[in-house]
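This is what each chain is made of:
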Amino acid sequence: MTVASQTERPTELDAFAYPPPLRFAGAGLLAISGGMLPFLLYRVLIAVDPPMTPGMVLRAVAAFALLPWVAARLVRRALRA
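Conventions adopted
Residues numbered from 1 in each chain as written. Predicted model: local features only at pLDDT ≥ 70, side-chain atom pairs only at ≥ 80, totals over all residues. Heavy atoms only, no water. Helix = DSSP H or I, 4+ residues; strand = E, 2+ residues; numbered from the N terminus. Buried < 20%, exposed > 50% of the residue type's maximum accessible area, 1.4 Å probe, protein only. Areas by Shrake-Rupley, 256 points an atom, 1.4 Å probe, with all protein chains shown as cover. 1 Å grid on protein atoms, 1.4 Å probe; cavity = no way out; pocket = protein on both sides within 12 Å on 5 of 7 lines; lining within 4 Å. Points joined across faces, edges and corners; volume = space filled by probe spheres on them. Nonpolar A, V, L, I, M, F, W, Y, C, P; charged D, E, K, R; others polar. Expected span 1.5 Å × (residues − 1). Bend = angle between axes of the 7 residues up to and from the residue. Contact = heavy atoms within 4.5 Å.

**Q** Hey, could you go over the overall build of the protein chain for me, with residue numbers and the actual values?
**A** When you go through the protein chain residue by residue, the secondary structure sums to three helices and zero strands. Taken over 81 residues, the protein chain has a buried fraction of 11%. Summed over its atoms, the accessible surface of the protein chain is roughly 6,800 Å², and 68% of this surface lies on carbon and sulfur atoms.

Now the structure itself:
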């Protein structure tokens, strides 16, 4: 070991530890958000009576994919403060 390596400052990392229930909630919300995209694709492909219009697809993506993702991000942000 050299003298230079002994005098170097250790790297500082910012780490956040969330309470377990909120970690599970965030993970669940992200899993729901990610799992809904293939499900919505499947629903669009098999929907024939009535077919899904672009407006219906947009509302479904917003409700089932974007809202859980936004909720998970808000939980994450609230716990960082």
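Resuming the write-up.
**Q** Before we move on, could you go through the layout of surface pockets and cite the residues and values that matter?
**A** Of the pockets and cavities examined, the largest pocket occupies roughly 150 Å³. Along its surface, the largest pocket is lined by Tyr18, Leu22, Arg23, Gly26, Ala27, Leu30, Trp69, Ala72, Arg73, Val75 and Arg76. Looking at the lining of the largest pocket, the elements that each hand over two or more residues are helix H2 (20-46) and helix H3 (54-80). Among the residues forming the lining of the largest pocket, the class breakdown is seven nonpolar, one polar and three charged.

**Q** Explain H3 to me, and be specific about the residues and the numbers.
**A** Given a rise of 1.5 Å per residue, 27 residues ought to cover 39 Å, and the 37 Å separating the end C-alpha atoms of H3 matches this to within 8%. At Leu66, H3 shows its maximal bend, which comes to roughly 35°, and the proline Pro68 appears one to four places after that position. Those residues of H3 not exposed but buried are Ala60, Ala65, Pro68 and Ala72. In this structure, the buried side of H3 is in contact with H2.

Interpretation note: all reported values are geometric properties and have no functional meaning in isolation.
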